[in-house]
Amino acid sequence: MKLGGSVITDKRRPRTAREGLIRELMQRLVGWEGRLILVHGGGSFGHYEARRVGSLEEGVTRVREAMHELVGVMERAAVEAGVRVYALPPAVLLRSVNVVVEVLERGCVPMLYGDVVPAGDGFRIMSGDEILERLAVLRVDRVGFGMDVDGVYPERPGVGEPFKELTPGEARALAERLEGAAGVDVTGGIAEKLRRAARIAEAGVEVLLFDASDPDNVDRFLRGERVGTRVVRRD
Ligand code: IP8
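Here the structure is a predicted model, which means the values were calculated and not measured.

**Student:** Account for the sheet that holds strand 1 (residues 2-3), with residues named and values stated.
**Tutor:** Two pairing modes exist for strands in a sheet, parallel and antiparallel, and in both the strands are linked by backbone hydrogen bonds. Ordered in space as 3-4-2-1-7-9-10-8, the eight strands form an open sheet in which the pairing is mixed. Two strands bound the open sheet, and with one partner strand each, they are strand 3 (85-87) and strand 8 (165-166). One ladder, built from three bridges, connects strand 3 with strand 4 (residues 109-113); its direction is parallel. In the sheet register, Ala 87 faces strand 4, and the bridge partner there is Met 111.

**Student:** Before we move on, can you summarise the nonpolar core with the specific residues and values?
**Tutor:** Counting residues in hydrophobic clusters, the biggest one holds 36 residues, and the most contacted among them are Leu 135, Phe 145, Leu 194, Val 207 and Leu 209. Those elements that place two or more of their residues in this core are helix 5 (98-105), helix 6 (128-135), strand 7 (142-147), helix 7 (168-181), helix 8 (184-202) and strand 9 (206-211). Counting residues per element, this core draws most heavily on helix 8, which supplies seven residues.

**Student:** Give me the layout of surface pockets: which residues, what numbers.
**Tutor:** A water-sized probe, rolled over the atoms, reveals where empty space remains. As a volume, the second largest pocket reaches approximately 500 Å³. Looking at the second largest pocket, it is lined by 20 residues, and the ones nearest its centre are Arg 35, Leu 36, Val 140, Asp 141 and Arg 142. Sorting the residues of the lining of the second largest pocket by element identifies helix 5, helix 6, strand 7 and helix 9 (215-223) as the ones contributing at least two each. For the lining of the second largest pocket, the leading source of residues is strand 7, giving three residues. Here the lining of the second largest pocket is built from residues that sort into 14 nonpolar, two polar and four charged.

**Student:** A description of the site of the ligand should follow, citing residues and the corresponding values.
**Tutor:** Contacts to the ligand come from Lys 2, Gly 41, Gly 42, Gly 46, His 47, Val 63, Met 67, Gly 114, Asp 115, Ile 125, Ser 127 and Gly 128. Between the ligand and the protein, one listed contact pairs an oxygen atom with a backbone N or O atom of Gly 42 at 2.8 Å. Between His 47 and the ligand, the recorded distance is 3.0 Å, taken from a side-chain N or O atom to an oxygen atom. Out of a free accessible area of 320 Å², the ligand has 92% covered by protein chains. Secondary-structure elements contributing two or more residues to the shell around the ligand are helix 3 (43-52) and helix 4 (56-81).

**Student:** Outline the packing of helix 3 against helix 4, listing residues and values.
**Tutor:** Each packed pair of helices is defined by two parameters, the angle between the axes and the distance between the axes. Running from N to C, helix 3 and helix 4 cross one another at 165 degrees; their axes reach a closest spacing of 8 Å. The orientation of helix 3 relative to helix 4 falls into the category roughly antiparallel. The two elements helix 3 and helix 4 cross, and the hand of that crossing is right-handed. Of the residues in helix 4, those in contact with Phe 45, Gly 46, Glu 49, Ala 50 and Arg 52 of helix 3 are Arg 62, Val 63, Ala 66, Met 67, Glu 69 and Leu 70. Here the residues of the contact of helix 3 with helix 4 sort into six nonpolar, one polar and four charged.

**Student:** Which residues make up the packing of aromatic side chains, and what are the values?
**Tutor:** Scanning the model with the defined rule gives one aromatic pair in all. Taken together, a centroid distance of 5.2 Å and an interplanar angle of 20 degrees make the contact between Phe 210 and Phe 221 stacked. You can see Phe 210 sitting in strand 9 and its partner Phe 221 sitting in helix 9, a full 11 residues away along the chain. On the accessibility criterion, Phe 210 (0% relative accessible area) is buried.

Cut-offs used in this document
- Residues numbered from 1 in each chain as written.
- Predicted model: local features only at pLDDT ≥ 70, side-chain atom pairs only at ≥ 80, totals over all residues.
- Heavy atoms only, no water.
- Pairing = 2+ DSSP bridges.
- Helix = DSSP H or I, 4+ residues; strand = E, 2+ residues; numbered from the N terminus.
- Core = buried A, V, L, I, M, F, W, Y, C linked by side-chain atoms within 4.5 Å.
- Buried < 20%, exposed > 50% of the residue type's maximum accessible area, 1.4 Å probe, protein only.
- 1 Å grid on protein atoms, 1.4 Å probe; cavity = no way out; pocket = protein on both sides within 12 Å on 5 of 7 lines; lining within 4 Å.
- Points joined across faces, edges and corners; volume = space filled by probe spheres on them.
- Nonpolar A, V, L, I, M, F, W, Y, C, P; charged D, E, K, R; others polar.
- Near = heavy atom within 4 Å.
- Polar contact = N/O pair within 3.5 Å; in protein donor to acceptor, adjacent residues only side chain to side chain.
- Areas by Shrake-Rupley, 256 points an atom, 1.4 Å probe, with all protein chains shown as cover.
- Axes fitted to C-alpha atoms, helices over the stretch in contact; angles between N-to-C directions.
- Parallel < 35°, antiparallel > 145°, perpendicular 65-115°, else oblique.
- Left-handed = near helix turned anticlockwise from the far one by under 90°.
- Contact = heavy atoms within 4.5 Å.
- Phe/Tyr/Trp six-rings, centres within 6.5 Å; stacked < 30°, edge-to-face > 60°.

Here is the structure:
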């Protein structure tokens, strides 16, 4: 399950975490008996600093320091709630998913986050959404994209009703349409999510895109209930 940057931070204020909500969300993981991998985005920490630095090569430490501050907030909330979270930099995934499995096998909740990772001669950003897609190979039951809107809308959030269900093909077609229809700022995020959701669902894993700023939805997702927009292969 990913907790998007727009859920756990206030995107309008640099380096501002929604600490109260983060604590509530962590509380919902207490007593969860199944296996869970957490992923979180960068919000007003990573994205803010990544925009400010001239290049990732130059600003790698600054961007990562901001992400580590947000990771610290998440870890503190986990400690207070009594959830055994184990933060892992996603650069480990460039080699394999083995460490994630080892952490799971020890009964902990691996927590990965959007981060700067080596690429070519320099660095690039690995988003939380990319991390979800890379982890889907672990034969997970379902993947959740926790956002700050209650699903995927035909045009834009709040206009009409969110889709209840999409096939991978429908999700891809919608990604094309949304990307072409409006500015990248508004829809780039959702188009990219839809493409990743389509690929994950194509491999047979159920994907849910839902509003994680309501902690009850996190409960529903963990219980395997339908929440938000479901992307699923129809065989
Ligand atoms: O919020 C981006 O992760 P995302 C992380 O999942 C950085 O796109 C470092 C900007």
